[in-house]
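Given next are the chains, with one letter for each unit.
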Amino acid sequence: MGSSTKLLAAALLPALLMMMAFHAPTMAAAANPNLFRDYIGAIYNGVKFTDVPINPKVRFDFILAFVIDYTTATEPPSPTDGQFNIFWQNTVLTSSAVASIKRSNPNVRVAVSLGGATVNDRPVFFNITSVDSWVRNAVTSLTAIVTEYNLDGIDIDYEQFQADPDTFADCIGRLVTTMKSNGVIKFASIAPYDNADVQRHYQALWRKYGAVIDYINFQFYAYSASTTVAQYVNFFDNQIVNYPGGNILASFTTNRCDPKLRRQDSRDT
Ligand SMILES: *[C@@H]1O[C@H](CO)[C@@H](O)[C@H](O)[C@H]1NC(C)=O
C-alpha cells in the first residue's frame, strides 16, 4: 500500500460521521424506514451521546468506534486473533450512558464498530491465526462487550488486510451469523470505501454472506470535499452495482476542519 492509502486511512476516524437511509419502497411499512447513524467515540474529545441532537422521527443508531483485536501490551500494538479490546472513549460513553440514552430515546440503538484505521497511530490490519480460532475468540470477546454495554448491533470497519478476501469473508460472515443466531445482536453493517483492495474484501463478504448484513455504511465521506452532486450520485450508483440488493446509506462527515480527517484528492484505486 502506498502513502496515499495511509492518508486515506487516517481520514477515516471522525468523531461524528453521519449516514442516512431514505425510504426504500420494498421495506415493511411497520418499522420506521428512515435511518440516521452516527459514529462516536473514536477521537477521545469528550463527546457524549447527549451532545448529539436526536430526531425522534427517525431510527437513530450510535456506532461506538472502535473495538479492535489488538493489544497495546506490546509496542507496537499487536494482533490478538479475534480477542477484542475497547478503543472508544468508554470513560465518557459508559454502559450507564448507553442505558440512559436508550431509555430517554426509544428510537435509539447503539452498535459497536470493529477495526478502524489505526491503533495508537499504527495501522490496524485484519490479521488472523486461523478462521476457527479467530471466530471463536471474536464471538466470546464481543459477546462479553455487547452484553456489558447492552449494545444492539455491530459494524465492520477493517480497512487494511493481511488475509485474502475469502478468509475475511468467512471470518466476518461466520461471526455475524453466530452472533445473530445466538440473539446477541439484532443487526450488522459493513463500512467499505473506494479502494480496490478494500472493495475486493467486502465484495467477497457480500457475495457469500450478504443475507446477514443489514446496511452498507459506504464511506462516501472519504471522497474529496469538492465532490459535486452529480459525482456523488455517480459514486452511489457504482455501489448499487458493487453490492447488489444492499441497503446502501448515503454518508457525510461533520468534521472537515480537522486536517487529519481531510481526504486527499488523489486516490490510488
Ligand atoms: C500478523 O501479525 C503478526 C504480528 O504482528 C505478524 O508477525 C504477521 O506477519 C502478520 N501476518 C501477516 C499475514 O501479515
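Just so we're clear, the structure is a prediction, and the values are computed from it rather than from any experiment.

### Details of the overall build of the chain
Alright, step 1. Scanning the chain for helices and strands turns up six helices and 13 strands.
Alright, step 2. Considering the chain as a whole, with its 269 residues, one finds that 39% of them fall into the buried category.
Alright, step 3. Taking contacts inside the chain between residues at least 6 apart in sequence as the whole, the part at least 24 apart equals 78%.

### A closer look at the site of the ligand
Alright, step 1. Surveying the vicinity of the ligand reveals the residues Ser78, Pro79, Asn127 and Gln162.
Alright, step 2. For the shell around the ligand, the class distribution of residues is one nonpolar, three polar and no charged.

### Brief notes about helix 5 (residues 196–209)
Alright, step 1. Along its 14 residues, helix 5 runs 20 Å from first to last C-alpha, staying within 8% of the 20 Å computed at 1.5 Å per residue.
Alright, step 2. If you check which residues of helix 5 are buried, you get Val198, His201, Tyr202, Leu205 and Trp206. One face of helix 5 carries all of its buried residues, which in axial projection span an arc of 135°.
Alright, step 3. On its buried face, helix 5 is in contact with helix 4 (165–181) and strand 11 (187–190).

### Quick word on the packing of helix 4 against helix 5
Alright, step 1. Where helix 4 contacts helix 5, the axes come no closer than 8 Å and their chain directions differ by 50°. One element, helix 4, and the other, helix 5, form an angle in the oblique class. For the pair helix 4 and helix 5, the crossing hand works out as right-handed. From helix 4, Pro165, Asp166, Phe168, Ala169, Ile172, Gly173, Val176 and Thr177 reach across to helix 5, where they touch Arg200, His201, Ala204, Leu205, Lys208 and Tyr209.
Alright, step 2. A breakdown of the residues in the contact of helix 4 with helix 5 according to their chemical character gives eight nonpolar, three polar and three charged.

### Side note on the environment of leucine 35
Alright, step 1. Counting through the fold element by element, leucine 35 comes out in strand 2 (residues 35–40).
Alright, step 2. Leucine 35 sits 214 residues away from leucine 249 along the chain, and the two C-alpha atoms are 8.7 Å apart.

### Quick word on the pairing of strand 10 (residues 153–158)
Alright, step 1. Where burial is concerned, most of strand 10 is hidden: six out of the six residues are buried.
Alright, step 2. Side chains Gly153, Asp155 and Asp157 project from strand 10 onto one buried face, and the interleaved Ile154, Ile156 and Tyr158 project onto a second face that is buried too.
Alright, step 3. By the bridge criterion, four bridges tie strand 10 to strand 11 in an arrangement that is parallel. Bridged to isoleucine 154 within strand 11 is alanine 188.

### Some remarks on the confidence of the model for the chain
Alright, step 1. Confidence in the prediction for the chain averages 87 pLDDT; 83% of positions are at 70 or higher.
Alright, step 2. A low-confidence stretch, residues 1–16 (pLDDT under 50), is modelled with 50 contacts involving residues beyond four sequence positions or located in other chains.
Alright, step 3. For residues 258–269, every residue scores under 50 in pLDDT, and the model assigns this stretch 28 contacts once sequence neighbours within four places are set aside.

### Some words on unusual backbone geometry
Alright, step 1. For the bond running from alanine 65 to phenylalanine 66, omega is 5°, close enough to zero to count as cis.
Alright, step 2. By the element assignment, phenylalanine 66 lies in strand 3 (residues 59–68).
Alright, step 3. Positive phi values are uncommon outside glycine, yet asparagine 120 reaches one of about 45°.
Alright, step 4. A positive phi angle, close to 50°, is found at asparagine 150, a residue other than glycine.
Alright, step 5. Take asparagine 150: it is sitting in the loop between helix 3 (131–149) and strand 10.
Alright, step 6. C-beta crowding within 10 Å serves as the criterion here: with 12 such atoms nearby, asparagine 150 is assigned to the exposed category.

### Describing the environment of asparagine 45
Alright, step 1. Mapped onto the fold, asparagine 45 is located in the loop between strand 2 and strand 3.
Alright, step 2. Measuring from C-alpha to C-alpha, the distance between asparagine 45 and valine 92 comes to 9.6 Å, with 47 residues separating the pair along the chain.

Definitions and limits used
- Residues numbered from 1 in each chain as written.
- Predicted model: local features only at pLDDT ≥ 70, side-chain atom pairs only at ≥ 80, totals over all residues.
- Helix = DSSP H or I, 4+ residues; strand = E, 2+ residues; numbered from the N terminus.
- Buried ≥ 20, exposed ≤ 12 C-beta atoms within 10 Å, placed from the backbone.
- Contact = placed C-beta atoms within 7 Å.
- Near = placed C-beta within 6 Å.
- Nonpolar A, V, L, I, M, F, W, Y, C, P; charged D, E, K, R; others polar.
- Expected span 1.5 Å × (residues − 1).
- Arc of directions from axis to C-beta.
- Axes fitted to C-alpha atoms, helices over the stretch in contact; angles between N-to-C directions.
- Parallel < 35°, antiparallel > 145°, perpendicular 65-115°, else oblique.
- Left-handed = near helix turned anticlockwise from the far one by under 90°.
- Pairing = 2+ DSSP bridges.
- pLDDT = per-residue confidence, 0-100.

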